[in-house]
Amino acid sequence: MTFSNQKQKDYLITALFAVIVLLAPILLQPLGLGFADMVQKLAIFGIFAIGFNILFGLTGYLSFGHAAFLGVGSYAAMWAFKLLSMNPIIALLFAVVFAGLFALIIGFVSLRRSGIYFSILTLAFAEMSYRLAYSVLTPITNGETGLQLVQSDPRIIDTAVFGIDYGAVLPTSSLFGIQMTLYPGFYFCAALLIISFYISVRIFRSPFGLMLRAVKSNQNRMNYTGLHSRPYTLAAFVISGMYAGLAGGLMVVTDPLAGAERMFWTQSGEVVLMTILGGVGTLFGPILGASTIKMAEVKLTEQNYQTLSEAFSFLPLGLQEFMVSVASWFTGDKWHLTIGLLFMVIVIFLPGGLVEGIRRLAKLVKRKITKKDQSDTASTVAAE
Amino acid sequence: MSILSVTGVNKRFGGLKALDDVNLNVEEGTVHAIIGPNGAGKSTLLNCFVGRLTPDTGTVLFNEKSLIGLAPHEINQAGVSRVFQTPEIFSDLSLLENVMIPAFAKSNGAFSLNAWQSVEGQTSINEEALEGLKDVGLDSKATMLASQLSRGDKRRLELAMCLVQKPKLLLLDEPTAGMARADTNNTIDLLKKISGRGLTMVVIEHDMHVVFSLAQKISVLAQGHVIVEDRPENIKGNPKVQEAYLGGAHL
């Protein structure tokens, strides 16, 4: 195992990942999930989960308040749109920097504790942010209406430097004249997802990543080994906060509206679910988990009495009615129940998440193939 | 020249006086053993050296610099490494990674945001770590997970983790506790080999066989106080020691 091999392997993994991401609209077409809004969402939540995994997967610190950074990123991007420019790059820089600063403050306080106390502290901070956004901070967040674009926004860079006049219509974010909606919006998100993924690969392979795994494994030994664990955990916390900020910023870039519900604790819980479902501490796990949950959400909520009746129409009438009523518990607005069950099954039978499931399957297939080869050669030998 | 000098160290836990005016001098390049009955304050004393505990009064000088008030990682960076009574290792990492971490700590300091290069690319660290494993005879298990090792091997691994940092002072807390005789003898040979390179060691040990095979000097601690500090041959016959340590029985 030499240096160049490992690097080449990483390039290969990233390239493979890039191909899958860029082809996602086509690959998901048969499932009816290839539409622009959907794939945008997958890319954005993929970034969110990758970032979360850098903290939780490597250091083992379980943050229950990561949605706060998503929200801060959204608001920061929105203010960049309103005050400076409709350029998405500027907005995302704003989102990442502000989320990073916010993470620095929250991390500095929360990381004084570990385990459940750390989780509770982050949860408390996120709830506080959520409540503040609806009360004291309404001048910044615009309360329940949410922060949105208005015609009278100054957008000083756009008007003063580029002399753009948006006229009477509300502007949308655009990069080099390409509007960040629909598929162009997706490809913008996808490019950032691929970059984010590669950065996470580098972190996983780096000495810094090794130290983060050391934090998870034995912090006591780490300190007696001459390493200061606090700055390592804080750096991981800020990096993962910045990823969340980027995701929050992208939400605003593709759909210029920021509301505080993005900071609600269920959103924080969802990213935990995504990461665990996919596989904690693995490179692909978080993205797999995020896609699974987001796709299941759409697929399950769109089911109603009629679609279910059609799905079970092959059954005799009484049984069909029964199956429809059972299935209706798990679909429509009750889709969380399905996710909950899936989560339980995964945690109990596949603690390594979907990635472990795939690994086991691959092993099984491999064994089958080699067995078949052996029996083939055995039979040919016998025939001879 | 003494590398570690401890003067007038006191430590109280509530009403219990764990360390009572302890004085100790460790000469550079020697193996210095601290012995004493259970509860004599041996581990408390060691904890005062590495920053886990702060003495109430007194000084701990390492190479003429005070260690009091420094955090554990700062003391380690100054050149003091410690082996624990129950091996403290990175269980879910490979042996090689276990030894690479201290090697990185030595070369890059207490914190470094080296997040772009890959671990495999750090050839000198890799070689150092492998060399360290070879030193304790674990190089053939380099890719194994540390949690899969036997207890004795875990101790060897922890020793390799300390040695790879080339410390100026190595502290060992009962390095052979719970070991079978054969394993104990292996450990003694290993520690002899290391001390042969001129590394200063402070050993806390219950097993007199280990103490007398390794130490050039012995401090006997009883009820938080150093009652004798002398060469091994003089310790054996010392009536004070026999009374405190063995309850008057003859060696």
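Only a predicted model underlies this, so the values are computations on that prediction, with no experimental measurement involved.

**Q** Teacher, can you tell me more about the overall build of chain A here?
**A** Regarding its fold elements, chain A presents 18 helices and four strands. Whereas a compact globule of 384 residues would reach a radius of gyration of roughly 21 Å, chain A reaches 24 Å, a difference of no more than 12%. With the principal axes as the frame, chain A shows a C-alpha extent of 85 × 70 × 40 Å. When each of the 384 residues of chain A is scored for burial, the buried share is 50%. The long-range share in chain A, meaning contacts at least 24 apart out of those at least 6 apart in sequence, stands at 76%. Accessible area for chain A stands at about 18300 Å²; split by element, carbon and sulfur atoms hold 70% of it.

**Q** Can you help me understand the overall build of chain B in this one?
**A** Secondary structure summary: chain B contains nine helices and 10 strands in total. Against the compact-globule benchmark of 18 Å for 251 residues, chain B has a radius of gyration of 19 Å, which places it among compact chains. Considered along the principal axes of its C-alpha atoms, chain B spans approximately 60 × 40 × 35 Å. Burial statistics for chain B: of 251 residues in total, 54% are counted as buried. Of the contacts formed within chain B by residues at least 6 apart in sequence, a portion of 66% connects residues at least 24 apart. Of the roughly 10600 Å² of accessible surface on chain B, a fraction of 50% belongs to carbon and sulfur atoms. Side chains of chain B carry 24 positive and 28 negative charges; the gap between the two charge centres is 2 Å.

**Q** What am I meant to see in the sheet that holds strand β7 (residues 169–173) of chain B here?
**A** By definition, the strands of a sheet pair up through backbone hydrogen bonds, in either a parallel or an antiparallel sense. All names here are of chain B. Taken in spatial order, the six strands line up as β6-β7-β8-β3-β9-β10 in an open sheet, and their pairing is mixed. With one partner strand each, in any of the chains shown, β6 (80–83) and β10 (225–230) form the two edges of the open sheet. Shown here is a sheet whose adjacent strand axes are inclined to one another by a mean of 15 degrees, direction ignored. Where strand β9 (residues 217–222) and β10 come together, five bridges link them in antiparallel fashion. Residue pairing for β10: Ser-219 is matched across the bridge by Glu-229. Most of the contacts of helix α5 (residues 151–163) go to β6, to which it runs at about 175 degrees, and overall it touches β6 and β7.

**Q** Quick question: what am I supposed to make of the environment of Gly226(A) here?
**A** Locating Gly226(A) in the fold gives a position in the loop between α11 (219–223) and α12 (229–254). If sequence neighbours within four positions are ignored, Gly226(A) has contacts with His73(B), Asn76(B), Gln77(B), Ala105(B), Gly109(B) and Ala110(B).

**Q** Help me understand unusual backbone geometry, please; the structure alone is not making it clear to me.
**A** A negative phi angle characterises most non-glycine residues, just as the trans form characterises most peptide bonds. The phi dihedral of Arg155(A) is positive, around 45 degrees, even though this residue is not glycine. Along the polypeptide, Arg155(A) turns up in the loop between β1 (147–148) and α8 (156–161). Of note, Glu174(B) is a non-glycine position whose phi angle comes to about 45 degrees, a positive value. The topology assignment puts Glu174(B) in the loop between β7 and α6 (181–195).

**Q** Please clarify how the packing of helix α10 (residues 207–217) of chain A against helix α3 (residues 95–108) of chain B should be interpreted in this entry.
**A** Think of two packed helices as two axes; the pair is described by the angle between the axes and how far apart they sit. Look at α10(A) against α3(B): their axes get within 11 Å of each other, and the N-to-C directions meet at 110 degrees. In terms of orientation, α10(A) and α3(B) fall into the roughly perpendicular class. Of the two elements, α10(A) crosses α3(B), and the hand of that crossing is left-handed. Taken together, the residues of α3(B) that come into contact with α10(A) (itself represented by Pro207(A), Leu210(A), Met211(A), Arg213(A) and Ala214(A)) are Glu97(B), Met100(B), Ile101(B) and Phe104(B). Taken together, the residues of the contact of α10(A) with α3(B) sort by class into seven nonpolar, no polar and two charged.

**Q** It is not clear to me how the nonpolar core should be interpreted in this structure. Could you clarify?
**A** When a protein is soluble and globular, its nonpolar side chains tend to lie buried together. Grouped together as the largest cluster of nonpolar side chains are 142 residues, with contacts concentrated most on Leu250(A), Leu157(B), Leu159(B), Leu170(B) and Met201(B). Both of domain 1 (1–79 + 167–251) and domain 2 (93–166) of chain B provide at least three residues apiece to this core. Not counting residues within four places of it along the chain, the set of residues in contact with Leu170(B) comprises Ser81(B), Val83(B), Leu159(B), Cys162(B), Leu163(B), Leu199(B), Thr200(B), Met201(B) and Val202(B). With 29 residues, the next largest nonpolar core counts Tyr224(A), Val6(B), Leu45(B) and Leu221(B) among its residues.

**Q** For this particular structure, what's the right way to read helix α17 (residues 335–349) of chain A?
**A** For an α-helix, the turn length of 3.6 residues means that residues three or four places apart are oriented alike. Residue and element names in this part refer to chain A. Its 15 residues give α17 an end-to-end C-alpha distance of 21 Å, which sits within 8% of 21 Å, the value for a rise of 1.5 Å per residue. Trp-335, Ile-339 and Ile-346 are the residues of α17 that are buried. Buried positions in α17, seen along its axis, are confined to an arc of 40 degrees and lie on one side of it. Exposed residues on α17 whose side chains face more than 90 degrees from its buried face are Ile-348 and Phe-349.

**Q** Hey, could you run me through the domain arrangement of chain B in this one?
**A** Note: interface size is frequently given as the accessible area lost on complex formation between the parts. Residues and elements named next belong to chain B. You can read the domains of chain B as domain 1 (1–79 + 167–251) and domain 2 (93–166). In this structure, domain 1 and domain 2 have C-alpha centres spaced 26 Å apart. The partner domain 2 presents 14 residues to the 20 residues of domain 1 that form the contact. Both sides together, the interface formed by domain 1 and domain 2 hides about 1300 Å², and carbon and sulfur atoms give 55% of it. Three residues stand out in domain 1 for area buried against domain 2, namely Gln-77, Pro-167 and Leu-190, and they jointly supply 37% of the buried area on that side. The tally of links between domain 1 and domain 2 comes to two salt bridges. In this structure, the salt-bridge partner of Asp-135 is Lys-193, at a minimum N-O distance of 3.6 Å.

**Q** What exactly am I supposed to notice about the interface of chain A and chain B here?
**A** With 29 residues of chain A at the interface, the matching set in chain B holds 39 residues. Buried area between chain A and chain B, both sides added, is near 3000 Å², and the carbon and sulfur share of it is 64%. The interface formed by chain A and chain B contains two salt bridges. Glu97(B) is the salt-bridge partner of Arg213(A), the closest N and O atoms lying 2.8 Å from each other. Where chain A touches chain B, the interface holds 22 residue pairs in polar contact (both at pLDDT 80 or more). Contributions of two or more residues to the side of chain A that touches chain B are made by α1 (3–22), α9 (182–205), α10, α11 and α12 of chain A. Of all the elements, α10(A) adds the most residues to the side of chain A that touches chain B, at seven residues.

**Q** Please clarify how a negative patch on the surface should be interpreted in this entry.
**A** Residues and elements named next belong to chain B. On the surface, a cluster of negative charge is made up of Glu-127, Glu-128, Glu-131 and Asp-139. Assignment of secondary structure puts Glu-128 in helix α4 (residues 123–135). Classification of Glu-128 by relative accessible area gives partly exposed; the value is 30%.

**Q** How do you make sense of the packing of aromatic side chains when you look at a structure like this?
**A** Between two aromatic rings, the relevant description is the distance of the centres plus the angle of the planes. Across all of its chains, the model carries 19 aromatic pairs over all chains by this definition. Taking 5.3 Å as the distance between ring centres and 35 degrees as the angle between the ring planes, the aromatic pair formed by Phe197(A) and Phe284(A) counts as tilted. In this pair, Phe197(A) is assigned in helix α9 and Phe284(A) in the loop between α13 (265–278) and α14 (285–301), connecting sequence segments 87 residues apart. Plain terms: the ring middles of Tyr224(A) and Phe84(B) are 5.1 Å apart, the flat faces sit at 75 degrees to each other, and that makes the pair edge-to-face. One end of the pair, Tyr224(A), is in the loop between α11 and α12; the other, Phe84(B), is in the loop between β6 and α3, on a second chain. You'll find Tyr224(A) and Phe84(B) in the same group, each marked buried. Members of the aromatic cluster, joined through ring pairs, are Tyr61(A), Phe69(A), Phe102(A), Phe118(A) and Phe237(A).

Quick notes on the rules
Residues numbered from 1 in each chain as written. Chains lettered and ligands numbered in written order. Predicted model: local features only at pLDDT ≥ 70, side-chain atom pairs only at ≥ 80, totals over all residues. Heavy atoms only, no water. Helix = DSSP H or I, 4+ residues; strand = E, 2+ residues; numbered from the N terminus. Rg over C-alpha atoms; globule rule 2.2 N^0.38 Å. Buried < 20%, exposed > 50% of the residue type's maximum accessible area, 1.4 Å probe, protein only. Contact = heavy atoms within 4.5 Å. Areas by Shrake-Rupley, 256 points an atom, 1.4 Å probe, with all protein chains shown as cover. Lys, Arg positive; Asp, Glu negative; His and termini not counted. Charge placed at Lys NZ, Arg CZ, Asp CG, Glu CD. Pairing = 2+ DSSP bridges. Axes fitted to C-alpha atoms, helices over the stretch in contact; angles between N-to-C directions. Parallel < 35°, antiparallel > 145°, perpendicular 65-115°, else oblique. Left-handed = near helix turned anticlockwise from the far one by under 90°. Nonpolar A, V, L, I, M, F, W, Y, C, P; charged D, E, K, R; others polar. Core = buried A, V, L, I, M, F, W, Y, C linked by side-chain atoms within 4.5 Å. Domains from an automatic or database assignment. Expected span 1.5 Å × (residues − 1). Arc of directions from axis to C-beta. Buried area = accessible area lost by both parts, 1.4 Å probe. Salt bridge = Lys/Arg side-chain N within 4 Å of Asp/Glu carboxyl O. Polar contact = N/O pair within 3.5 Å; in protein donor to acceptor, adjacent residues only side chain to side chain. Patch = residues over 30% accessible without salt bridge, like charges linked within 9 Å, V, L, I, M, F, W, Y side chains within 5 Å. Phe/Tyr/Trp six-rings, centres within 6.5 Å; stacked < 30°, edge-to-face > 60°.

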